[in-house]
Amino acid sequence: MFDYTPPPALLAKRIILVTGAGDGIGRAAAKSFAAHGATVILLGRTTSKLEAVYDEIEKAGHPQPAIYPLNLEGASPNDYEDLANTLETEFGRLDGLLHNASLLGTLTPIEHYDIEQWYQVIQVNQNAPFLLTQACLNLMKSSREASIVFTSSSVGRKGRAYWGAYSVSKFAIEGLMQILADELEANTTIRVNSINPGATRTAMRASAYPGEDQKSLPAPEDIMPLYLYLMGPESRELNGQALNAQ
Ligand code: NDP
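All of these numbers come straight from a predicted model, not from anything done at the bench.

Q: Requested: an account of unusual backbone geometry, with residues and values cited.
A: Within the chain, lysine 13 stands out as a residue other than glycine whose phi angle is a positive 70°. Position of lysine 13 relative to the elements: it lies in the segment before strand S1 (15-19). Unusually for a residue other than glycine, tyrosine 162 sits at a positive phi of about 80°. Examined against the element boundaries, tyrosine 162 turns out to sit in the loop between strand S5 (146-151) and helix H5 (164-185).

So this is what it looks like as structure tokens:
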């Protein structure tokens, strides 16, 4: 596991948006950021799941979060503008952006990959992070120092048979991360990095590896040290890096 012990108030006063915050790693990240003092914006497609995370954060006495239901598959550029405008009005800036939501699609050879599903996976995993980042950049420039974190995968760093659109989208995410990191380095205080969470006990992992003993895997909560480190001030100098949470 990435070795880092965060101070309790690591993210005090930070405004952090998490996509796919209703379940799995995104849910753990949202709760963990809030527990370290951040005001989190919970973005996802299933409102009831976002509400449950909201309630948990409130009950724990952490800063009051916000819910932003959005289906990244159908969202238009206008929807991202609306989101950025809402954040501007409510908070005036954005200090952290965790691109976490993604779709697995099916594990199928390229020869037989369903074309509609290809478009769907690329839309959610690759186009949505581009659109969301573009819409939020101005808000992030208003932060004293902001952090963009993309979520990759081992198949985003080395291709593997049958991982299809999911793998391709994760390679694209690594590319987007590198390009942005290079573009933003000189004239902004925004840093951009990617995380490969590694095998983690979630619904997505269970559907990719149905025969696996889920209990043998780390829980999403266990992999949070790297997420916290990247959102906090101590990673200020880190830019353009592809990192591993485990
Ligand atoms: P889960 O499937 O458990 O959670 C994914 C989250 O993304 C869900 O909350 C889901 O919403 C949301 N989401 C999916 N599609 C959309 C959409 N169209 N619009 C908005 N939100 C959407 O996955 P994990 O927690 O396992 O994965 C989190 C990230 O980590 C992903 O990027 C994944 O690729 C990556 N990863 C995970 C690994 C693992 O072992 N778990 C390993 C390597 C990478 P809803 O709950 O409504 O379905």
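Q: Summarise the site of the ligand; cite the residues concerned and give the values.
A: Inspection of the region around the ligand gives 31 residues, with Thr46, Lys49, Asn100, Tyr166 and Thr202 positioned closest. In this structure, leucine 72 approaches the ligand through a main-chain N or O atom, which is 2.9 Å from a nitrogen atom. Within the complex, the protein chains bury 93% of what would otherwise be the 900 Å² of accessible surface of the ligand. When residues of the shell around the ligand are traced back to their parent elements, those giving at least two are helix H1 (24-35), H5 and helix H6 (203-208). Partitioned by chemical class, the residues of the shell around the ligand number eleven nonpolar, 14 polar and six charged.

Q: So, the environment of methionine 224: which residues are in play, and what are the values?
A: Following the sequence through the fold, methionine 224 ends up in helix H7 (residues 224-231). C-alpha separation for the pair methionine 224 and glutamine 246, spaced 22 residues apart in sequence, amounts to 9.7 Å. Not counting residues within four places of it along the chain, the set of residues in contact with methionine 224 comprises Ile25, Ala28, Ala29 and Ser32.

Q: With reference to specific residues and values, describe the environment of alanine 66.
A: Its place among the elements puts alanine 66 in strand S3 (residues 66-69). On the basis of relative accessibility, which here comes to 22%, the residue alanine 66 falls in the partly exposed class. Sequence separation of alanine 66 and valine 40 is 26 residues, and the distance between their C-alpha atoms is 6.4 Å. When near neighbours in sequence (up to four residues on either side) are disregarded, alanine 66 contacts Val40, Ile41, Leu42 and Phe91.

Q: Please give an account of the pattern of salt bridges that cites residues and values.
A: Opposite charge on two side chains lets them pair, provided their charged atoms get close. Applying the stated criterion across every chain, the model contains nine salt bridges. A salt bridge links lysine 49 to aspartate 23, with the shortest nitrogen-to-oxygen separation between them at 2.8 Å. Of this pair, lysine 49 sits in helix H2 (residues 47-59) while aspartate 23 sits in the loop between S1 and H1, and the two are 26 residues apart along the sequence. The class for aspartate 23 is partly exposed, based on a relative accessible area of 39%. Aspartate 95 is the salt-bridge partner of arginine 93, the closest N and O atoms lying 2.9 Å from each other. A relative accessible area of 6% means that aspartate 95 is categorised as buried. Overlapping salt bridges, with partners in common, bring together Arg14, Glu145, Arg191 and Arg236 in one network.

Q: Hey, could you go over the sheet that holds strand S2 (residues 39-44) for me, with residue numbers and the actual values?
A: Strands sit in the order S3-S2-S1-S4-S5-S6-S7 across an open sheet of seven strands; the sheet is parallel. The open sheet is flanked by S3 and strand S7 (242-244), the only strands paired with a single partner. Strand-to-strand twist across the sheet, computed as the mean angle between neighbouring axes with direction ignored, equals 20°. Sheet analysis places S1 next to strand S4 (residues 96-99), joined by three bridges and oriented parallel. Bridged to valine 18 within S4 is leucine 98. Of the strands in this sheet, S1, S4, S5 and strand S6 (190-196) touch helix H4 (residues 115-141), which is tilted by about 170° from S4.

About the cut-offs
Residue numbering note: each chain is counted from 1, following its sequence as written. Local features are withheld for residues below a pLDDT of 70 in this predicted model, meaning they are given only at 70 or higher, and side-chain atom pairs are given and counted only at 80 or more; totals for whole chains, interfaces and linings count all residues. Computation of side-chain values: all heavy atoms of the structure, hydrogens and water removed. By definition, any uninterrupted DSSP run of H or I lasting at least four residues is a helix, any uninterrupted run of E lasting at least two residues is a strand, and each is numbered from the N terminus. Proximity is defined per residue: if any heavy atom of the residue lies within 4 Å of a molecule or strand, that residue is considered near it. Polar contact criterion, stated in full: a pair of N or O atoms within 3.5 Å, where within protein one must be able to donate a hydrogen and the other to accept it, and residues adjacent in sequence count only if both atoms are side-chain atoms. Each accessible area is a Shrake-Rupley result for a 1.4 Å probe, and residues are judged covered by the shown protein chains and nothing else. Ten residues, namely Ala, Val, Leu, Ile, Met, Phe, Trp, Tyr, Cys and Pro, are considered nonpolar, four, namely Asp, Glu, Lys and Arg, are considered charged, and the remaining ones, Gly among them, are considered polar. Whether two residues touch is decided by their heavy atoms; if any such pair falls within 4.5 Å, the residues are in contact. Type-normalised accessible area, obtained with a 1.4 Å probe on protein chains alone, sets the label of each residue: buried when under 20%, exposed when over 50%, and partly exposed for intermediate values. Think of a salt bridge as a Lys or Arg side-chain nitrogen and an Asp or Glu carboxyl oxygen that are within 4 Å of each other. Any two strands with at least two DSSP bridges between them are considered paired. Axis definition: a line fitted to C-alpha atoms, limited for helices to the stretch in contact. Angles are taken between N-to-C directions and run from 0 to 180 degrees.

Everything listed here is a matter of geometry and, on its own, says nothing about what the molecule does.
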